[in-house]
Amino acid sequence: MTESPPLFVAEHLHKRFGDQVVLEDINLSFNAGSISGIMGPNGAGKSTCFNVLTGMYRPDGGSVFFDGEDVTGLAPERIVEKGISRSFQIMNLFDEFTALENIMVATNRVRHGLHRPFWDLRADSEISHKAAEVLAMVGLTGLENSLASDMSYGQRRALEIAVSLATEPRIVFLDEPTQGLGADGRANLADLIGTLQEKFTLVIIEHDMQFLFRLANRISVIHWGQIIAEGTPDELKANEWVRTSELGKMTTC
Amino acid sequence: MLTTKGKAPIVSRQMLVFFAILLSYPLWADAAGLYEYLGIEIVIFIIYALGFNLLLGYTGLPSFGHGAYFGVGAYGYGLAQLYLDAGFIPGLLLAMLAGTVASGLVALFLSHRRGIYFALMTIAFGQVFWFLAIKLRGLTGGEDGLLNIFRPDIDFGLFQISLKSNFAFYYAVALIAVLVTLLLWRLVHSPFGMAIQAVRMNETRARFVGYQVWWIKWTVFTLSGAIAGLAGGLLNVAQESAFPDTMSLHASGLIVMMVLIGGGFVSFWGPVVGVIVYYLARDLLGSITEAWLLWYGLLFMAVMMFSPEGFAGGWGKLVAWVRRRKQGEVLMGGAQND
């Protein structure tokens, strides 16, 4: 039996800002249904890598394939249409909308677009039902009518993930989802990500190595814009560079 | 905030009040010390301001040169009468088309910009149109403007309605205002209306849930320009002329002030309030002092300082305060009864 090809592949990615090389010959692949992690110290190029993979930046070289289709350099709105979604390290929500509206505005875009100029979206039972399901998925049931700006930090983190799920993606990139969360919040988030794995392929950038080592099937380590190590959590724990670096110290905490 | 909760009715209670005032105005204007032509000006500017607020309040795009499209509409209507003898309704459609084309072209340059760069470019383009209106003397009449555009009858084939009286023209403008209000109300509650608000709140997130933000900005700017063109055409009918002043930076600033002081950022009805406040200030303060604009400016500053969300925002806070107070009284009463 042949192994199915990876869902998402990045080949020989290069990115520079002026004279500074930020990404150099990055190769990544993510299998369908897996949780993959990207780790590395501050300034390693992790976020730039995410931004290139999700259409925020166009790479200077290399290619990105999703389900066999070349999506290199596509704008974010086109990337979303393909089934790729992301959350942000610094939360990007529609603060004056309720939690439900945050989801509805995203779900409607992928389901119907803007082709119904006189349709009242808030009265659309199909979209609101779907949006309520997404909120339930991230544990925000009961907060449908809360303004995003009035929600607690942890709830906003969950909503940030929910908005990225609302576009009905196949692969979701989560940029430092534990940022600013306490121990309880991290534990809840880990449980949530565990449940999301059943429906989505997930890629996570994370500083919290324990969090990543607990969840990810496979992790890539980026340093100075290059991938310096790759493997399962156990393989990386045995990796000499990881063991001797600050990252390695964090995993042994 | 502009978002409404739950399903929006086709006609809201506020809308009914607005329509009732709008359609009954000529009946009580005299008794209130007002006059029909003032009503015409107010309603024309309400149309203009509601369209402008689609851009400023709903999409968060500050245009300080929107007088250009208002003026283009006025000139468009005038030229359509002078050279094509177009009549009232075709003339207004051509005024809208002129506003659409002018704003659509400008929006191609603006829709990839945001913040201060967007605002400054609107000023620059506004000045270009104002300059052209003054310099293309053969077409626009230069600083003197386009004069003697007499009000035509509305031709329905079997019968005509004369617009020569301000009474008849007021009702023509009021009916157009009703239509524009109904259309804009539906639009801001449609998926497109939610999308433009999403762009205002967070452009980056809007892109990452799949919206083509530059296209949305282009569409809103153009639509707003089309409505400004329609309002400009109506102003031409009212004044029987078109002047470059309507395109000046000063005139463009006034519509921004009207929308802000009324509370366009927090209410669909904010621009309506803002226009009424401006024209009443002009007539009431103007009857007392020539320096009425100074007093209007001071009023604007005071409102922005003490109620940055304008009169609509202040009203909303007052209503919320009264509700809280009533609830408090009920609770206190309940506690005492216990």
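Residues numbered from 1 in each chain as written. Chains lettered and ligands numbered in written order. Predicted model: local features only at pLDDT ≥ 70, side-chain atom pairs only at ≥ 80, totals over all residues. Heavy atoms only, no water.

## Side note on the overall build of chain B
Thinking step 1. Of the regular secondary structure elements, chain B holds 14 helices and 2 strands.
Thinking step 2. For chain B, whose C-alpha radius of gyration is 21 Å, the value lies close to the compact-globule estimate of 20 Å for 338 residues.
Thinking step 3. C-alpha extents for chain B along the principal axes are approximately 80 × 55 × 45 Å.
Thinking step 4. Burial status across chain B gives 54% buried among its 338 residues.
Thinking step 5. Counting only carbon and sulfur atoms, one obtains 69% of the accessible surface of chain B, whose full area is about 15400 Å².
Thinking step 6. In chain B, 20 positive and 16 negative side-chain charges are present, and the distance between their average locations comes to 17 Å. (Helix = DSSP H or I, 4+ residues; strand = E, 2+ residues; numbered from the N terminus. Rg over C-alpha atoms; globule rule 2.2 N^0.38 Å. Buried < 20%, exposed > 50% of the residue type's maximum accessible area, 1.4 Å probe, protein only. Areas by Shrake-Rupley, 256 points an atom, 1.4 Å probe, with all protein chains shown as cover. Lys, Arg positive; Asp, Glu negative; His and termini not counted. Charge placed at Lys NZ, Arg CZ, Asp CG, Glu CD.)

## Considering the nonpolar core
Thinking step 1. In this structure, Leu159(A), Ile44(B), Phe45(B), Ile47(B), Phe88(B), Phe169(B) and Leu234(B) are the most contacted members of the largest nonpolar core, which totals 152 residues.
Thinking step 2. Not counting residues up to four positions away in its chain, the partners in contact with Ile44(B) are Phe70(B), Val173(B), Ala231(B), Leu234(B), Leu235(B) and Ala238(B). (Core = buried A, V, L, I, M, F, W, Y, C linked by side-chain atoms within 4.5 Å. Contact = heavy atoms within 4.5 Å.)

## What about the domain arrangement of chain B?
Thinking step 1. One can read the domain layout of chain B as domain 1 (13-306) and domain 2 (312-338).
Thinking step 2. The C-alpha centroid of domain 2 of chain B is placed 39 Å from the C-alpha centroid of domain 1 of chain B. (Domains from an automatic or database assignment.)

## Remarks on the sheet that holds strand 6 (residues 84-86) of chain A
All names here are of chain A.
Thinking step 1. Spatially, 6-7-8-3-9-10 is the arrangement adopted by the 6 strands of the open sheet, whose pairing is mixed. This sheet does not close on itself; its edge strands, each paired only once, are strand 6 and strand 10 (226-231). Neighbour-to-neighbour, the strand axes of this sheet turn through a mean angle of 20°, independent of strand direction.
Thinking step 2. Sheet topology note: the strand 3 (residues 35-39)/strand 9 (residues 218-223) ladder contains 4 bridges and is parallel. The residue bridging Ser36 from the neighbouring strand is Arg218, located in strand 9. (Pairing = 2+ DSSP bridges. Axes fitted to C-alpha atoms, helices over the stretch in contact; angles between N-to-C directions.)

## Notes on the pattern of salt bridges
Thinking step 1. Here the structure, examined in full by the defined rule, presents 20 salt bridges over all chains.
Thinking step 2. As a salt-bridge pair, Arg207(B) and Glu77(A) come within 3.2 Å of each other at their nearest N and O atoms. Of this pair, Arg207(B) sits in helix 9 (residues 203-208) while Glu77(A) sits in helix 2 (residues 76-82), which puts the two residues in different chains.
Thinking step 3. For Glu81(A), the salt bridge goes to Arg109(A), with nearest N and O atoms at 2.7 Å. Of this pair, Glu81(A) sits in helix 2 while Arg109(A) sits in helix 3 (residues 99-111); the two residues are 28 residues apart in sequence, bridging distant segments of the chain.
Thinking step 4. Several salt bridges converge on common partners, so that one network encompasses Arg78(A), Glu81(A) and Arg109(A). (Salt bridge = Lys/Arg side-chain N within 4 Å of Asp/Glu carboxyl O.)

## Quick look at the environment of Phe221(B)
All names here are of chain B.
Thinking step 1. Counting through the fold element by element, Phe221 comes out in helix 10 (residues 213-239).
Thinking step 2. Judged by its relative accessible area of 1%, Phe221 is buried.
Thinking step 3. Those residues within four positions of Phe221 in sequence are excluded, and the remaining contacts are Leu55, Ser63, His66, Tyr69, Ser103, Val106, Ala107, Leu110, Phe118 and Thr122.

## Considerations on the packing of aromatic side chains
Thinking step 1. Under the counting rule described, the total for this entry stands at 30 aromatic pairs over all chains.
Thinking step 2. Here Tyr25(B) and Trp28(B) contribute two aromatic rings whose centre-to-centre distance is 5.2 Å and whose plane-to-plane angle is 80°, an arrangement assigned as edge-to-face. Taken together, the positions of Tyr25(B) and Trp28(B), both in helix 1 (residues 13-28) and 3 residues apart, correspond to about one turn of that helix.
Thinking step 3. Note on Tyr25(B): relative accessible area 6%, which makes it buried.
Thinking step 4. Overall, Trp28(B) belongs to the partly exposed group, its relative accessible area being 34%.
Thinking step 5. Of the aromatic side chains, those joined through ring pairs into one cluster are Phe45(B), Tyr48(B), Phe70(B), Tyr278(B), Tyr279(B), Trp292(B) and Tyr296(B).
Thinking step 6. The residue whose ring lies beneath Arg86(A) is Phe88(A), and the NZ or CZ to ring-centre distance is 4.3 Å.
Thinking step 7. Lying across the ring of Phe208(B), Arg86(A) places its NZ or CZ 5.6 Å from the centre. (Phe/Tyr/Trp six-rings, centres within 6.5 Å; stacked < 30°, edge-to-face > 60°. Lys NZ or Arg CZ within 6 Å of the ring centre and 35° of its normal.)

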